Amino acid sequence: MIVLPACSDSAAGTTTTTPAPTTTTPAPTSTTTTTPATTTPTATPPSSTTSTTVPRAPAAPGSDSAISLIVDDATRVYRLVVPDSAGVDPAPLVLDLHGLTTSPLDHDVLTGMTAAAAERGIVLAQPRGKDPGPFWSAEPGSPLSAADVAFLRALVDDVARRTAIDRNRVYAMGWSNGGGMAHRLGCDVADVFAAIGPVSGAHPLDGRCDATEGVAIVAVHGTDDDVVPFDGLGPLLPAIPDWAASWAERNACTSGPSEQRITDDVVELSWTDCRNDADVGLYVVEGGGHGWPGTPNPERAADTTSTISATELILDFFAAHPKRD
């Protein structure tokens, strides 16, 4: 497992929680329990017990819940936020993955994803990585990585049994270590995810990527990132432009990279005319550090830019890139 300098954050988020109602529909696969989401991050799963007879509770429109999910005998947890518009039409689902040593709620303070997802009618899932840390195992081929991939695949199925989602609009985004895990999902679960969006992503330097179909990519990275260097880190992490170009090759893109200045300090590199319309875009933040551009939290804005919003750029890209055959 690659261990990077901690991307920790002490900011605390607050949420309004609504318990999901109960149902009598039995769970067809892994067992779950649902509890209201807490208002502060927790290092342990909800204390409720599970059994093979516990039903999956449907998630009510406007609800915000903490879900406990058993996958391969391990109890994992995630936060599920369902928009008020849920139930009218199947909604997009976005998995939002925190960085190393942060929690889903801390991460939400960084990204503002709860508000952005609600405004767009997106079902939002913010899973928690393994403890201690928490962290994600993004390197390919390890048992820990396989366990995280299995959890996140099962999470998508679990959400689909609680509320109507559009299976052609399932996406993963993340910051730092979570960005690396989003990359791993693109490689290992290309049949599930239409696109991924890492910010300051830590992508282990390994050529193994089993994506058998196009996965659209949008990434944001600062040139002065001192945690996940833009130019790579020896045998551990690739240079970010090389990483993006490898996805363009994998997606059989025939045009690009083209370069366009977006703001005074942001340049977009893009590869298009790709298999299954799986375009690749990289937003380069000139002078940007290991942050989340456009973060709504002023305390977190010092090491990045406010001229773009990574959250809005990624969600716009996702909206334009459903899964296509």
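Presented here is an overview of the structure given in this document.

Calculation notes
Residues numbered from 1 in each chain as written. Predicted model: local features only at pLDDT ≥ 70, side-chain atom pairs only at ≥ 80, totals over all residues. Heavy atoms only, no water. Helix = DSSP H or I, 4+ residues; strand = E, 2+ residues; numbered from the N terminus. Buried < 20%, exposed > 50% of the residue type's maximum accessible area, 1.4 Å probe, protein only. Contact = heavy atoms within 4.5 Å. Areas by Shrake-Rupley, 256 points an atom, 1.4 Å probe, with all protein chains shown as cover. Core = buried A, V, L, I, M, F, W, Y, C linked by side-chain atoms within 4.5 Å. Disulfide = S-S within 2.5 Å. Expected span 1.5 Å × (residues − 1). Pairing = 2+ DSSP bridges. Axes fitted to C-alpha atoms, helices over the stretch in contact; angles between N-to-C directions. Left-handed = near helix turned anticlockwise from the far one by under 90°. Nonpolar A, V, L, I, M, F, W, Y, C, P; charged D, E, K, R; others polar. Phe/Tyr/Trp six-rings, centres within 6.5 Å; stacked < 30°, edge-to-face > 60°. Lys NZ or Arg CZ within 6 Å of the ring centre and 35° of its normal.

**With respect to the overall build of the protein chain**
And then number 1: Helices and strands together make up the secondary structure of the protein chain, namely 6 helices and 11 strands.
And then number 2: The 325 residues of the protein chain split such that 58% are buried.
And then number 3: Restricting to contacts in the protein chain with at least 6 residues of sequence separation, those with at least 24 account for 67%.
And then number 4: For the protein chain, the computed accessible surface area is about 12,800 Å², with 52% contributed by carbon and sulfur atoms.

**Details of the environment of Val 227**
And then number 1: Position of Val 227 relative to the elements: it lies in the loop between β8 (216-222) and α5 (240-250).
And then number 2: Exposure remark for Val 227: the relative accessible area of 12% places this residue in the buried category.
And then number 3: Each C-alpha atom, one on Val 227 and one on Gly 291, is 9.9 Å from the other, the two residues being 64 residues apart in sequence.

**A look at the nonpolar core**
And then number 1: Grouped together as the largest cluster of nonpolar side chains are 53 residues, with contacts concentrated most on Leu 93, Leu 95, Leu 152, Leu 155, Phe 193 and Trp 247.
And then number 2: Per element, the largest residue contribution to this core is 7 residues, and it comes from helix α3 (residues 143-162).
And then number 3: Trp 247 has contacts with His 183, Gly 186, Cys 187, Cys 209, Ala 211, Val 215, Ile 217 and Val 280, leaving out every residue within four places of it along the chain.
And then number 4: Counting 29 residues, the second-largest nonpolar core is a separate cluster that includes Ala 194, Val 199, Val 218 and Tyr 283.

**Observations concerning the state of the cysteines**
And then number 1: Scanning the entire structure with this criterion turns up 2 disulfides.
And then number 2: Covalently, Cys 187 is tied to Cys 209 through a disulfide, its sulfur atoms 2.0 Å apart. The sign of the S-S torsion, about -100 degrees, decides the handedness of the disulfide formed by Cys 187 and Cys 209: left-handed. Placement of Cys 187 in helix α4 (residues 177-188) and of Cys 209 in the loop between β7 (195-199) and β8 is noted, with a sequence separation of 22 residues between them.
And then number 3: According to the relative accessible area criterion, Cys 209 is buried, its value standing at 17%.
And then number 4: One disulfide in the model links Cys 253 with Cys 274; its S-S distance is 2.0 Å.

**Focus: α3**
Two residues of an α-helix separated by three or four positions point the same way, owing to the 3.6 residues in each turn.
And then number 1: Its 20 residues place the ends of α3 29 Å apart at the C-alpha level, agreeing with the 28 Å of an ideal helix rising 1.5 Å per residue.
And then number 2: Restricting attention to buried positions, one finds in α3 the residues Ser 145, Asp 148, Val 149, Phe 151, Leu 152, Ala 154, Leu 155, Val 156, Asp 158, Val 159 and Arg 162.

**Some words on the pairing of β8**
And then number 1: For β8, the tally of buried residues reaches 7 of 7 residues, placing the bulk of the element in the interior.
And then number 2: For β7 and β8, the ladder comprises 3 bridges, and the chain directions are parallel. Note that in β8 the partner of Val 199 across the bridge is Val 220.
And then number 3: The sheet contact formed by β8 and strand β11 (residues 280-285) spans 6 bridges and is parallel. Each residue of the ladder has a partner; that of Ala 219, found in β11, is Leu 282.

**Some thoughts on the packing of helix α2 (residues 113-120) against helix α6 (residues 310-320)**
To describe two helices that pack against each other, one gives the angle between their axes and the distance between the axes.
And then number 1: Across the interface, α2 lies against α6 with an axial gap of 10 Å and an inter-helix angle of 35 degrees. When the axes of α2 and α6 are compared, the crossing they make is right-handed. Residues Met 113, Ala 116 and Arg 120 of α2 lie in contact with α6, whose contacting residues are Thr 311, Glu 312, Leu 315 and Asp 316.
And then number 2: A per-class count over the contact of α2 with α6 returns 3 nonpolar, 1 polar and 3 charged.

**Focus: the packing of aromatic side chains**
And then number 1: On inspection of all chains with the given rule, the structure shows 1 aromatic pair.
And then number 2: Ring centres of Tyr 171 and Phe 318 lie 4.5 Å apart, and the angle between their planes is 5 degrees; this geometry places the pair in the stacked category. One end of the pair, Tyr 171, is in strand β6 (residues 165-175); the other, Phe 318, is in helix α6, and 147 residues separate them in sequence.
And then number 3: Assessed through its relative accessible area of 2%, Tyr 171 is described here as buried.
And then number 4: Sitting over the ring of Phe 135, Lys 130 keeps its end group 4.7 Å from the ring centre.
And then number 5: In this structure, Arg 250 packs its charged tip against the face of Trp 247, placed 4.4 Å from the ring centre.

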